Amino acid sequence: MSTLDFDRFLSLPRLAALRLSPDGTRLVATVQRPAPDGKKMRSSIWELDQAAERRPRRLTRSAPGESVGAFTRDGSLLFTSTRPDPDREPDAEEEEEVGRLWLLPADGGEARLLCAPPGGVEDVRAARGADVVVFAASVFPGSGDLASDQQRHKARKKAGVEALLFEEYPIRFWDHYLGPRERHLFAAPLPSDDERITAPTDLTPDAGNVLVDTSYDVSPDGATIVTSWRDVSDLTDPRERLVAIDRASGERRFLTELERHWYVQPAISPDGRYVVAVRGHSGDPDTAHQQTLWLIDLQTGEGRDLAPELDLWPHDPVWAADSRTVYFQADRAGGLAVFRVGLDGSEPKLLSGEGAWSDLAPLPDGSGLFAIQSAYDRPPRLARLRTSDDEPSRQSVPTFSELDELALPGRLERLGARAADGVEIGSWLVVPEEASAQAPAPVVVWVHGGPLSSWNSWHWRWNPQLLAAQGYAVLLPDPALSTGYGQEFVQRGWGRWHEEPYTDVIAAVDAALELPELDGERTALMGGSFGGYMANWVAGSTECFKAIVTHASLWELRGFHGTTDWGSWWEREYGDPYRDDSRYQASSPHSLIGNIRTPMLVIHGEKDHRVPISEGLRLWTDLARAGVEAKFLYFPDENHWVLKPQNARLWYETVLSFLDHHLLGREWRRSELL
């Protein structure tokens, strides 16, 4: 049995937000570990050695932690943190924990505070060739400037008012209500030493909710900002346009029409001529969602598809230094691949399909890029991809010894299965090293969320190795609706969650159980979000599993439409329920309550607005009324995920105890903290 346990898993450094300085000499990342009290995760910024000749060097250290933002043109580092203002007067009112904008000088020394709006700074961009900074911050509607926003903040706080007034839909997003402030974009010259940004230009004074969860970029000369601009004039067809904003005048110029597409993740070329973005179509009840890469000439406004023949969904595009090449990622056959495409009309080239690539950071000399790479047998680590040769080559770059020397308890295998219609269904399988035909391992099937996603990268939240450490084999199937297998594979399950996605899961399970090292008499199924939906549907459709774990799950689809944070979005797939709710009813697991005999563990967080707590409560009530053996693990302080370390510990302890009881015949163990 492996020594991997939750404590060791929790202590591993979590790399994210990789950034490369403009001259290519410095590489930094956010590294997350538990805070000393173990009650939350805390991030700090570390510098990584590209040649792996020296250990990573920690650049920031504070109790609240920091999130890396962007390099300025002189190599200074912008970041956000809730750390307090060091120059605050001793008798000043206690500051709230909101994000503030900081700068760490290129030549070292203490970080200094640049801007501290009362609503907080969310993220930041810097011009590559000018001393200009652009950041997103939340302000009260109509405030005009940060000073006015501060006064309104104080008045609301003094009055003790927490009420919100909404005049637009939506009013919630994932885990929070959209108020009383709204997200704006601000721009300012980068101040000289010891000065602060006190009066940045509000580029979007009338933003309302158009910038919720949007991304943006700034041109190299700092003169133009391109951002997504959300339009919800038709609630059943939300779209996002691209708009270019002149920093000096505030003039806006839409780069795309108000059509049935949305444009996200804009990135401006190093020469300032082009912007590349992800262009998507939300689909309708007959045609599935789809997306591609879209190139726009910033001067002429002309646009074209960069990857018209690519039968995958590109995302997160970044430019090479030559402004003639774009790197991007796309789910592909159980991996998260990295591609390169030129502006010359050539087809995208696969650079690496091994594992999962993210945080692409191209080198200025054009020789390749740095990135973070992972797999289910490899936690996220730094890697270099060389692209200057005829054949791209990957090289892992050692950083933290805990990651480089980690031995995992489960071996990773790729499996295939054949669905009833002949389509190939891919899955990952993590098998304990000690499993054999003589000692087969019990099996847990995990269905991913989304549902437009794929099992393809190491998960800090849903990690099969933690179950493998306890002797369980874990099957990770990619059924219909999964990305990375072409548009037709998504179309197979579109608006039919209860059909091909379900039968694909069962086909994958049946094929896997033919392996002698897996015990087909001891199986369980679990999932979260869409995976939780599938767990509920499985519970009412078959008795082949001995236990079901359902997390943040959808139970009654017609009611879910009106309580989720963006119910109208689901009409793109399931139609208008006020005219015809037959699709909702056909796919709704609640209709199968009379069939459920399998013991179920229901898990839900109070602050989940994507799949509201009402779904978990209705499910629990129905199970109780039907006399189904069940338990309900409730987190009043969690959202769609389980983010606090000790809550995650309770999650795994409870899930494993439930599985051990029903698959291994062990006594049910309730945590002493519950």
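So, here's what we can say about the structure. Predicted model only: the values in this text are computed from it and were never measured.

It is worth spelling out the overall build of the protein at this point. Looking only at helices and strands, the protein has 12 helices and 38 strands in total. A compact globule built from 674 residues should have a C-alpha radius of gyration of about 26 Å, and the protein, at 25 Å, falls within 12% of that. A principal-axis box enclosing the C-alpha atoms of the protein has dimensions of 70 × 60 × 55 Å. Burial statistics for the protein: of 674 residues in total, 58% are counted as buried. In the protein, 56% of the contacts between residues at least 6 apart in sequence involve partners at least 24 apart.

Next up on the list: the packing of helix H6 (residues 500–512) against helix H7 (residues 530–541). Interaxial distance between H6 and H7 falls to 11 Å at its minimum, and their mutual angle equals 75 degrees. Here H6 is positioned roughly perpendicular relative to H7, judged by the angle of their axes. Contacts between H6 and H7 pair Pro501, Tyr502 and Val505 from the former with Phe530, Met534, Trp537, Val538 and Ser541 from the latter. Grouping the constituent residues of the contact of H6 with H7 by class yields 7 nonpolar, 1 polar and no charged.

The subject of this paragraph is the environment of serine 568. Relative to the helices and strands, serine 568 is located in the loop between helix H8 (557–563) and helix H9 (571–574). The sequence separation of serine 568 and leucine 363 amounts to 205 residues, and the corresponding C-alpha distance is 42 Å.

A cluster of acidic side chains, namely Asp74, Asp107, Asp193, Asp194 and Glu195, defines a negative patch on the protein surface. By the secondary structure assignment, aspartate 74 is in the loop between strand S5 (66–71) and strand S6 (77–81). On the basis of relative accessibility, which here comes to 53%, the residue aspartate 74 falls in the exposed class.

As a further point, take helix H2 (residues 146–159). For H2, with 14 residues, the first-to-last C-alpha span of 20 Å sits near the 20 Å given by 1.5 Å per residue. Buried residues of H2: Leu146, Asp149 and His153, and no others. Seen end-on, H2 carries its buried residues on one side only, within an arc spanning 55 degrees. In H2, those exposed residues whose orientation departs by more than 90 degrees from the buried face are Ala147, Gln151, Lys158 and Ala159.

The full count for this structure, using the stated rule, is 38 salt bridges. Note that arginine 196 and aspartate 87 form a salt bridge whose closest N and O atoms lie 3.2 Å from each other. You can see arginine 196 sitting in the loop between strand S13 (182–189) and strand S14 (201–202) and its partner aspartate 87 sitting in the loop between S6 and strand S7 (100–104), a full 109 residues away along the chain. Here aspartate 87 falls in the exposed class, since its relative accessible area comes to 59%. Aspartate 637 serves as the salt-bridge partner of lysine 644, at 3.2 Å between the closest nitrogen and oxygen. For aspartate 637, a relative accessible area of 28% gives the class partly exposed. Ionic contacts of the salt-bridge type, sharing partners, join the residues Glu122, Asp123, Arg125 and Arg183 into one network.

The next point concerns the packing of aromatic side chains. Both the distance between ring centres and the angle between the ring planes are used here to describe each pair of aromatic rings. Counted under the stated rule, the structure contains 29 aromatic pairs. Look at tyrosine 376 and tryptophan 455: their rings are 6.3 Å apart centre to centre, the planes differ by 70 degrees, and that puts the pair in the edge-to-face class. Highlighted residues: tyrosine 376 in the loop between strand S28 (368–375) and strand S29 (378–386) and tryptophan 455 in the loop between strand S33 (441–447) and helix H4 (464–468), separated in sequence by 79 residues. Each member of the pair, tyrosine 376 as well as tryptophan 455, is classed as buried. One aromatic cluster is present, built from ring pairs that chain together Phe6, Phe9, Tyr376, Trp446, Trp455, Trp458, Trp460, Trp462, Trp651 and Tyr652. Here the basic side chain of arginine 241 rests over the ring of phenylalanine 254, its NZ or CZ set 3.9 Å away from the ring centre. A cation over a ring is seen here: arginine 610 above tryptophan 174, with NZ or CZ 3.7 Å from the ring centre.

Membership of the largest hydrophobic core comes to 57 residues, with the highest contact counts inside it found for Leu18, Trp446, Leu467, Met526 and Trp651. Contact partners of tryptophan 651, with chain neighbours within four places excluded, come to Arg461, Trp462, Met526, His551, Ile603, Leu633, Phe635 and Val642. Membership of the second largest hydrophobic core comes to 53 residues, among which are Trp313, Ala539, Val602 and Val628.

Moving on: the side chain of glutamate 573. Among the secondary structure elements, glutamate 573 is positioned in helix H9. Despite its burial, glutamate 573 pairs with no opposite charge, the nearest such side chain being arginine 583 at 7.4 Å. In terms of polar contacts, glutamate 573 uses its side chain to reach the side chain of tryptophan 497, at 2.8 Å. Contacts of glutamate 573, omitting those with residues within four sequence positions, involve Pro285, Leu481, Gly493, Trp494, Gly495, Trp497 and Arg583.

Bridge count for strand S23 (residues 314–319) against strand S24 (residues 325–332) is 4 bridges, and the pairing is antiparallel. For valine 318, the partnering residue across the bridge sits in S24 and is tyrosine 327. In sequence, S23 turns back onto S24 through a hairpin of 5 residues, with serine 323 there showing a positive phi of about 60 degrees.

On to the sheet that holds strand S31 (residues 410–418). Across the sheet, 8 strands lie side by side as S31-S32-S34-S33-S35-S36-S37-S38; this open sheet has mixed pairing. Strands with a single pairing partner mark the edges of an open sheet, and in this sheet they are S31 and strand S38 (630–635). Across the sheet, the mean angle from the axis of one strand to that of its neighbour is 20 degrees, orientation sign disregarded. Sheet strands touched by H6: S31, strand S32 (424–432), S33, strand S34 (473–477) and strand S35 (518–528). Its angle to S31, the strand with the most contacts, is close to 120 degrees.

In this section: unusual backbone geometry. The linkage connecting tyrosine 169 with the following residue, proline 170, adopts the cis geometry, with an omega of 5 degrees. For the bond from glycine 450 to proline 451, the omega torsion is 0 degrees, close enough to zero to count as cis. Along the chain, proline 451 turns up in the loop between S33 and H4. The residue alanine 333 is not glycine, and still its phi comes out positive at about 50 degrees. Its location among the elements puts alanine 333 in the loop between S24 and strand S25 (335–342). A relative accessible area of 41% places alanine 333 in the partly exposed class. A positive phi angle, near 45 degrees, is found at alanine 552, a position not held by glycine.

So, how was this worked out
Residues numbered from 1 in each chain as written. Predicted model: local features only at pLDDT ≥ 70, side-chain atom pairs only at ≥ 80, totals over all residues. Heavy atoms only, no water. Helix = DSSP H or I, 4+ residues; strand = E, 2+ residues; numbered from the N terminus. Rg over C-alpha atoms; globule rule 2.2 N^0.38 Å. Buried < 20%, exposed > 50% of the residue type's maximum accessible area, 1.4 Å probe, protein only. Contact = heavy atoms within 4.5 Å. Axes fitted to C-alpha atoms, helices over the stretch in contact; angles between N-to-C directions. Parallel < 35°, antiparallel > 145°, perpendicular 65-115°, else oblique. Nonpolar A, V, L, I, M, F, W, Y, C, P; charged D, E, K, R; others polar. Patch = residues over 30% accessible without salt bridge, like charges linked within 9 Å, V, L, I, M, F, W, Y side chains within 5 Å. Areas by Shrake-Rupley, 256 points an atom, 1.4 Å probe, with all protein chains shown as cover. Salt bridge = Lys/Arg side-chain N within 4 Å of Asp/Glu carboxyl O. Lys, Arg positive; Asp, Glu negative; His and termini not counted. Charge placed at Lys NZ, Arg CZ, Asp CG, Glu CD. Expected span 1.5 Å × (residues − 1). Arc of directions from axis to C-beta. Phe/Tyr/Trp six-rings, centres within 6.5 Å; stacked < 30°, edge-to-face > 60°. Lys NZ or Arg CZ within 6 Å of the ring centre and 35° of its normal. Core = buried A, V, L, I, M, F, W, Y, C linked by side-chain atoms within 4.5 Å. Polar contact = N/O pair within 3.5 Å; in protein donor to acceptor, adjacent residues only side chain to side chain. Pairing = 2+ DSSP bridges.

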